[in-house]
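# Observations on the model geometry
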Amino acid sequence: MTLFEDPAQDLALAPGAMLLGRFAETADSALLAALGRIIAAAPIRHMMTPNGGQMSVGMTNCGAAGWVSDRTGYRYDGRDPETGRPWPAMPQSFADLATRAAAAAGFAGFVPDACLINRYTAATRLSLHQDRNERDLGAPIVSVSLGLPAVFLWGGLRRAQRPRRVRLVHGDVVVWGGPARMTFHGIDPLRAADHALTGPLRYNLTFRRAL
Ligand code: MD3
Ligand code: FE
């Protein structure tokens, strides 16, 4: 037993779910620089939900396919509906990080074809949901947190199950696969603060095998 536990430790949250503490921290500046180029080509927007509401999370995508929500439903689409052009290519540095993280969590050979970029400002939240629009549910999802910390809601396989709360900080990577792939999850309203690299923002990148 250690007296001072390393906060940047890997943690098996559940079978198939692994927190790789600060796995992406050394790459943070490069990731944020690449993110800036993606957002310049495919700006962050607040998508409509099928119910007619607007998402409080700002979103964009890179890669061969991007997650899209509109009045007709949720889907992956090769083009940005705002511009009609293909989403920006996934930077090799993004794909490499996702592949390395998945391998570290026991999912060798993960090659993402979609990266959803979520942007949170103060009070932005993401209600409990499952990610079920991907064609290959056998592949994991890799999530990378950058900027302000957030409280992750981690539920069960049924929506009614009360979620656990897990704090995610800058550089944390979480890999969700196998029996954890269909767990309900969300993000509590973001608390206003100032981060050295992102100011008032939190970004989350989720790497997926969608096509
Ligand atoms: C567990 N994003 O984009 S990341 C999402 O921080 C999403 O922006 C949150 O939920 C965010 O869909 C949470 C952690 C995460 C992502 C995908 C999962 C956990 C997951 C898919 C299945 C199970
Ligand atoms: Fe999700």
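Located above this text is the structure these notes cover.
Residues numbered from 1 in each chain as written. Chains lettered and ligands numbered in written order. Predicted model: local features only at pLDDT ≥ 70, side-chain atom pairs only at ≥ 80, totals over all residues. Heavy atoms only, no water.

## Quick notes on the site of ligand 1
Neighbouring ligand 1 are 19 residues, the closest being Asn118, Tyr120, Asp131, His185 and Arg202. One of the side-chain N or O atoms of Asp131 is found 3.0 Å from an oxygen atom in ligand 1. Within the side chain of Asn204, an N or O atom sits 3.4 Å from an oxygen atom of ligand 1. In the complex, 98% of the free accessible area of ligand 1, which totals 490 Å², lies under the protein chains. Contributing elements (two or more residues each) for the shell around ligand 1: β6 (114–120), β7 (126–129), β8 (141–147), β12 (185–187) and β13 (202–208). It is β13 that contributes the most residues to the shell around ligand 1, 4 residues altogether. (Near = heavy atom within 4 Å. Polar contact = N/O pair within 3.5 Å; in protein donor to acceptor, adjacent residues only side chain to side chain. Areas by Shrake-Rupley, 256 points an atom, 1.4 Å probe, with all protein chains shown as cover. Helix = DSSP H or I, 4+ residues; strand = E, 2+ residues; numbered from the N terminus.)

## Comments concerning the side chain of Thr206
Relative to the elements of secondary structure, Thr206 occurs in strand β13. Among the residues examined, Thr206 registers a relative accessible area of 7% and is labelled buried. One polar contact links Thr206 to Arg208, side chain to side chain, over a distance of 2.9 Å. Beyond its immediate stretch of four places on either side in the chain, Thr206 contacts Ala114, Cys115, Leu116, Ile141, Val142 and Ser143. (Buried < 20%, exposed > 50% of the residue type's maximum accessible area, 1.4 Å probe, protein only. Contact = heavy atoms within 4.5 Å.)

## Describing the sheet that holds strand β11 (residues 173–176)
With antiparallel pairing, 7 strands are arranged side by side in an open sheet as β1-β2-β11-β8-β13-β6-β3. In the strand order of this sheet, the two ends are held by β1 (10–14) and β3 (58–63), each with one partner. The mean inter-strand angle of the sheet, taken between neighbouring strand axes irrespective of direction, is 20°. Bridging between β8 and β13 involves 6 bridges; their strand directions are antiparallel. Paired with Ser145 across the strands is Asn204, a residue of β13. Relative to β8, helix α2 (residues 92–104) is tilted by about 115°, and along the sheet it contacts β2 (17–20), β3, β6, β8, β11 and β13. (Pairing = 2+ DSSP bridges. Axes fitted to C-alpha atoms, helices over the stretch in contact; angles between N-to-C directions.)

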